[in-house]
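# Architecture and fold: a report
The chain contents come next:
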Amino acid sequence: MRMKAAVASRDVTIDELATGGYTLLGVLTHASLGKFVVEYFLRRTSWLTRAHHLMSLTTIVAIVLVALRQERSWLYCLESFGAALVVLFVIVLPIHELVHAIAYRLVGARDVRWDYSARMLAVWVVAHRFVADARAFAFVALAPFVIINAALIIAALIWPSIAVFLLFVLLWHLHGASGDWALLNFMWLHRADGFWTYDDADAGRSWFYGRV
């Protein structure tokens, strides 16, 4: 419960956001998440997105170095690349979203729901009508990224015989977390305004507010 007290943010209600001196920064339609990612992960960049790109590049370099050191064939690397993608969709992404759901619970959300898009091959969780400030939002967004990536790196060090495969899983997970980083980048670009957000699962949208 100490973690909950440290990051929870229930000092602003949805009604206050709409009428109490806050300004609407943007609305994200969940079905159009891909457009949002293109805008705030690839076009409107910051040190956050550049750091993410650097992590991806570092992972690629690590894969190459480990593969060369272990004298892995191109066929082995290609098979590991494909197997890692399957593992990402079947195992890693469900765990990723489960960690998001747990993190939402830790910051005080009670109505946490799952949604998906077959068109985007994406699954996500939302905290229905729960208002989160910047600190709580960053905690929820980063929790699976930190936990899963750290676990993959440690596993690669413990089991070097499958390190190439695990590093490919890491690379795919970095790519799969681009939506979280687009949201974090959006928050960073509006940091001077303050930041509050809430999801509406029924409407399929998320609202972002700053202080007037």
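Refer to the structure printed above.
Notes on the structure in this doc start here. (Residues numbered from 1 in each chain as written. Predicted model: local features only at pLDDT ≥ 70, side-chain atom pairs only at ≥ 80, totals over all residues. Heavy atoms only, no water.)

### Describing helix α3 (residues 33-43)
Because each turn of an α-helix spans 3.6 residues, side chains separated by three or four positions in sequence point in the same direction. Among the residues of α3, those classed as buried are Phe36, Val37, Tyr40 and Phe41. One side of α3 holds all its buried residues, which, seen down the axis, span an arc of 100 degrees. Seen from the buried face of α3, the exposed residues on the opposite side, beyond 90 degrees, are Lys35, Leu42 and Arg43. Buried residues belonging to α3 abut β1 (22-29), α4 (47-69) and α8 (178-189). (Buried < 20%, exposed > 50% of the residue type's maximum accessible area, 1.4 Å probe, protein only. Helix = DSSP H or I, 4+ residues; strand = E, 2+ residues; numbered from the N terminus. Arc of directions from axis to C-beta. Contact = heavy atoms within 4.5 Å.)

### Considering the sheet that holds β1
As summarised here, the arrangement of the four strands in space is β1-β6-β5-β4, forming an open sheet in which the pairing is antiparallel. Of all the strands in the sheet, just β1 and β4 (132-133) have a single pairing partner and so form its edges. Taken together, the seven bridges between β1 and strand β6 (residues 205-211) define a ladder with antiparallel strand orientation. What sits directly across from leucine 28, in β6, is serine 206. (Pairing = 2+ DSSP bridges.)

### A short note on empty space enclosed by the protein
Counted according to the given criterion, the structure contains one cavity of 30 Å³ or more. In this structure, the largest cavity encloses a volume near 50 Å³. Lining the largest cavity are Tyr104, Ala127, Phe130, Ala132, Phe137, Thr197, Tyr198 and Asp199. In terms of residues, the lining of the largest cavity owes the most to one element, strand β5 (residues 196-200), which gives three residues. (1 Å grid on protein atoms, 1.4 Å probe; cavity = no way out; pocket = protein on both sides within 12 Å on 5 of 7 lines; lining within 4 Å. Points joined across faces, edges and corners; volume = space filled by probe spheres on them.)

### Focus: the nonpolar core
Phe36, Phe168, Trp181 and Leu184 are the most contacted members of the largest nonpolar core, which has 40 residues in total. Those elements that provide at least two residues to this core are α3, α4, α5 (74-106), α6 (134-158), α7 (163-176) and α8. In terms of residues, this core owes the most to one element, α7, which gives ten residues. Residues contacting phenylalanine 36, with those up to four places away along its chain left out, are Leu28, Phe41, Ala182, Leu183 and Phe186. Ala101, Ala103, Ala109 and Val125 belong to the second-largest nonpolar core, a separate cluster that totals 14 residues. (Core = buried A, V, L, I, M, F, W, Y, C linked by side-chain atoms within 4.5 Å.)

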